[in-house]
Amino acid sequence: MEPVTARIPVRSQRQAMDWSLVLVSQGIETTIEQAEEGTGWGLLVARQDFERAVKTLRQYHLENRG
């Protein structure tokens, strides 16, 4: 059975919060997750939203360079 969520790794809690806001603004629900070892952050999105979430974040990155 496939997992119902997919994880998008992020560098920091701040980035997780920023990216979460970007995704929510596009109708993609997210959950911010800290790795159990405390060594990293991630965003959990529904498996069916994963590709759209990644595309949205790429577009956000392109529009906000510098």
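Heads up: the structure comes first, above all this text.
Here's what I pulled together on the structure shown here. If you're wondering where the values come from, they're calculated on a predicted model, not measured in any experiment.

1. A look at the overall build of the protein chain
Of the regular secondary structure elements, the protein chain holds two helices and three strands. For the protein chain, the succession of helices and strands along the chain, N to C, is β-α-β-β-α. Relative to the globule expectation of 11 Å for 66 residues, the C-alpha radius of gyration of the protein chain, 12 Å, shows essentially globular dimensions. Dimensions along the principal axes, computed over C-alpha positions, put the protein chain at roughly 35 × 25 × 15 Å. When the 66 residues of the protein chain are sorted by exposure, 32% land in the buried category. The long-range fraction of contacts in the protein chain, counting pairs at least 24 apart against all pairs at least 6 apart in sequence, stands at 63%. Carbon and sulfur atoms make up 50% of the accessible area of the protein chain, which totals about 5,000 Å².

2. Structural notes on the pattern of salt bridges
This structure, assessed with the given rule, holds three salt bridges. A salt bridge links Arg7 to Glu33; its shortest N-O distance comes to 2.6 Å. One end of the pair, Arg7, is in strand 1 (residues 5-10); the other, Glu33, is in strand 2 (residues 30-34), with 26 residues separating them in the sequence. Between Arg52 and Asp49 there is a salt bridge, with its nearest N and O atoms 3.9 Å apart. The class for Arg52 is partly exposed, based on a relative accessible area of 40%. Owing to a relative accessible area of 17%, Asp49 belongs among the buried residues under this scheme.

3. A few points about helix 2 (residues 50-63)
Its 14 residues place the ends of helix 2 20 Å apart at the C-alpha level, agreeing with the 20 Å of an ideal helix rising 1.5 Å per residue. Along helix 2, the residues that are buried comprise Ala53, Val54, Thr56 and Leu57. All buried residues of helix 2 project into a common sector of 160° when viewed along the axis, lining one side. Set apart from the buried face of helix 2 by more than 90 degrees, the exposed residues are Glu51, Lys55, Arg58 and Glu63. Those residues of helix 2 that are buried are in contact with strand 1, helix 1 (13-25) and strand 3 (41-46).

Definitions and limits used
Residues numbered from 1 in each chain as written. Predicted model: local features only at pLDDT ≥ 70, side-chain atom pairs only at ≥ 80, totals over all residues. Heavy atoms only, no water. Helix = DSSP H or I, 4+ residues; strand = E, 2+ residues; numbered from the N terminus. Rg over C-alpha atoms; globule rule 2.2 N^0.38 Å. Buried < 20%, exposed > 50% of the residue type's maximum accessible area, 1.4 Å probe, protein only. Contact = heavy atoms within 4.5 Å. Areas by Shrake-Rupley, 256 points an atom, 1.4 Å probe, with all protein chains shown as cover. Salt bridge = Lys/Arg side-chain N within 4 Å of Asp/Glu carboxyl O. Expected span 1.5 Å × (residues − 1). Arc of directions from axis to C-beta.

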